Amino acid sequence: MPGEKANAVGEALLLRLRRLLARTATVKGGDRRQLLALLDDLETTRRGLLRQAAEIESEMRQATVRTTAIGAYLRSSQADRGKRHN
């Protein structure tokens, strides 16, 4: 299911972010190479999280459209039942 896959990917990205934040505590300010690598990893993770957020937003829009369509179908079917056929 797409929602479950997105959830698993999102959880993995959040775990990666937590690990990166823990790694920041061990990096010394003078170690330029480690800081640059850390910044690159953080940016990659941030882009992944933004991509996941956009996918979730798209899924929510689709669910809203489907819900609206189902409601319209339901109202239409109930209106048809109330009509008399001569």
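In the block above lies the structure referred to throughout.
Definitions and limits used
Residue numbers restart at each chain and count upward from 1, following the sequence in its written direction. Residues qualify for local features only when their pLDDT is at least 70, as the model is predicted, and side-chain atom pairs are given and counted only at 80 or more; totals for whole chains, interfaces and linings, by contrast, use all residues. In computing side-chain values, all of the structure's heavy atoms are included and hydrogens and water are not. Counting from the N terminus, the helices are DSSP H or I runs at least four residues long and the strands are E runs at least two residues long. What the globule rule says is 2.2 Å times the number of residues to the power 0.38, and the radius of gyration is computed from C-alpha atoms. Only protein chains enter the accessibility calculation, which uses a 1.4 Å probe; a residue is then buried when its area is under 20% of its type maximum, exposed when over 50%, and partly exposed in between. Working definition of accessibility: Shrake-Rupley area with a 1.4 Å probe, residue cover restricted to the visible protein chains. Residues scored as charged are limited to Lys and Arg (positive) and Asp and Glu (negative), so that His and the chain ends carry no count. Note on charges: their place is set at NZ of Lys, CZ of Arg, CG of Asp or CD of Glu. We call two residues in contact when some of their heavy atoms are within 4.5 Å.

**Q** Help me get a handle on the overall build of the protein, residues and values and all.
**A** Helix and strand counts for the protein stand at two helices and zero strands. Taking 86 residues into account, the globule formula puts the C-alpha radius of gyration at 12 Å, and the protein, at 24 Å, lies well above it. Taking the principal axes of its C-alpha atoms as reference, the protein extends roughly 90 × 15 × 15 Å. Burial statistics for the protein: of 86 residues in total, 12% are counted as buried. Of the roughly 7400 Å² of accessible surface on the protein, a fraction of 58% belongs to carbon and sulfur atoms. If the 17 positive side-chain charges of the protein are averaged to one point and the 10 negative ones to another, these points end up 3 Å apart.

**Q** Lay out the side chain of T45 in plain terms, naming residues and giving numbers.
**A** On the secondary structure map, T45 appears in helix α2 (residues 32-82). Residues contacting T45, with those up to four places away along its chain left out, are L13, R16, L17 and L20.

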